[in-house]
Every structure is written in C-alpha cells, then in structure tokens.
Amino acid sequence: MLRAGALLALGGAAVPLTSCGLLDRDEQPPQPDALTPLIDEALRLAAGLRAAATAHPELTDRLVPLAESHEAHAAELTRVVGGPTATPSGSAVSPSSAPSADRSATLTALRQSERAGRDAATRACATAPAERAALLGSVAAARATHLEALR
C-alpha cells in the first residue's frame, strides 16, 4: 500500500513538471514577421529622402512627400504586423547612402534605392497571403511612382 502511494505521488508530481514547460526545450523562438524587412526598408528610404532634401533644399518639394509616403507605409505595415509604432530615425541612413554633394548623383542613388524597394515589395506581394497582398501591391505601386518622381 505504501509503495502504491509513493508511486502515485511520484507519478502525480511528474505530470505537472512536464506540462509546465520546465522539461519542454524543443520550442523554437517565434520567427520575425515577413513584413519586418519592408518596414525597416521603408524607414530607410524615408530617411534617405529626408537627408537628400536637407542636402539639396531645392529638392525638398519633390522629396519630402515621397518620404512621408514611405513613413505612412511603415506605419501601416507595422499596424498589420502588430508591433510598436514605427518611427523614422535620422540614424536610419548609413554613411554609404548619405546624399552626395552632386544633385544628379543624389537622385541616381535615390532611384536605385527606390528600384530595390519596389522589387522587394513586388516579391513580398507575390508570396504574401491574400489579406496582405493588396497592401503590398500598393506599396510596390507607390515605389514605382516614386521612381518617376525622381527623374
């Protein structure tokens, strides 16, 4: 009788230990959302446009609306992902992407960034679930129109 009680007590104690997660080590950390790189990219593009507008004030009227468009995309993508609100940061521009003193070179670099951004959004749209495809399609379309505005 004592032996049965001891086994029951040990068996009963083992069940909570295995179900409380102490012994469950196979769980993988959650993967980042597939939209996260697009959020980061939108913020980088916005920061690059704002930096170029600062370096070339004569381009401000052309570049600031494009930056605002990227910031709006980042905010909406962040809302869809369910993360904290994305905010643009001046430090999002890397030294290698800092605007050139030459206006033509700056516009060429911005077009290359927008083209890469458009391509990334197009790829994301093609592989996205239906509930995200419309948003990603509009991001890709906006980036395509940005290319025209930067000519």
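Since the model is a prediction, treat every value here as computed from it, not as a measurement.

(A) Region of the structure containing the overall build of the protein. Summing up its helical and strand segments, the protein has 5 helices and 0 strands in all. Ordering the α and β elements of the protein from the N terminus gives α-α-α-α-α. Across the 151 residues of the protein, 30% fall into the buried class. Total accessible area on the protein is roughly 9300 Å²; 60% of this is exposed by carbon and sulfur atoms.

(B) Structural context of the pattern of salt bridges. This model, assessed by the stated rule, comprises 6 salt bridges. Between Glu76 and Arg79 there is a salt bridge; the shortest N-O distance is 2.6 Å. Placement of the pair is Glu76 and Arg79 together in helix α3 (residues 60-81), with a separation of 3 residues, close to one helical turn. Classification of Glu76 as partly exposed rests on a relative accessible area of 30%. Taking the shortest distance from any N to any O, the salt bridge between Glu148 and Arg151 comes out at 3.4 Å. Note on accessibility: Glu148 and Arg151 belong to one class, exposed.

(C) Looking closely at the nonpolar core. Judged by nonpolar contacts, the single largest core of 14 residues is most densely connected at Leu35, Leu38, Ile39, Ala74, Leu77 and Leu136. Contributing elements (two or more residues each) for this core: α2 (36-55), α3, α4 (103-127) and α5 (130-149).

(D) Fine view of the confidence of the model for the protein. Taken residue by residue, the protein gives an average pLDDT of 83. The fraction at 70 or more is 74%. Low pLDDT (under 50) marks residues 89-96, which in the prediction has 8 contacts with non-local residues, meaning those over four places away or in another chain.

(E) Main features of the packing of α2 against α4. At a minimum axis separation of 11 Å, α2 and α4 run at an interaxial angle of 165°. The orientation of α2 with respect to α4, classified from their angle, is roughly antiparallel. Of the two possible hands of crossing, α2 and α4 adopt the one that is left-handed. Across from Leu38, Glu41, Leu45, Gly48, Leu49 and Ala52 in α2, the residues of α4 making contact are Thr106, Leu110, Ser113, Glu114, Ala116, Gly117, Ala120, Ala121 and Ala124. Looking at the contact of α2 with α4, its residues break down into 9 nonpolar, 4 polar and 2 charged.

Conventions we followed
- Residues numbered from 1 in each chain as written.
- Predicted model: local features only at pLDDT ≥ 70, side-chain atom pairs only at ≥ 80, totals over all residues.
- Heavy atoms only, no water.
- Helix = DSSP H or I, 4+ residues; strand = E, 2+ residues; numbered from the N terminus.
- Buried < 20%, exposed > 50% of the residue type's maximum accessible area, 1.4 Å probe, protein only.
- Areas by Shrake-Rupley, 256 points an atom, 1.4 Å probe, with all protein chains shown as cover.
- Salt bridge = Lys/Arg side-chain N within 4 Å of Asp/Glu carboxyl O.
- Core = buried A, V, L, I, M, F, W, Y, C linked by side-chain atoms within 4.5 Å.
- pLDDT = per-residue confidence, 0-100.
- Contact = heavy atoms within 4.5 Å.
- Axes fitted to C-alpha atoms, helices over the stretch in contact; angles between N-to-C directions.
- Parallel < 35°, antiparallel > 145°, perpendicular 65-115°, else oblique.
- Left-handed = near helix turned anticlockwise from the far one by under 90°.
- Nonpolar A, V, L, I, M, F, W, Y, C, P; charged D, E, K, R; others polar.

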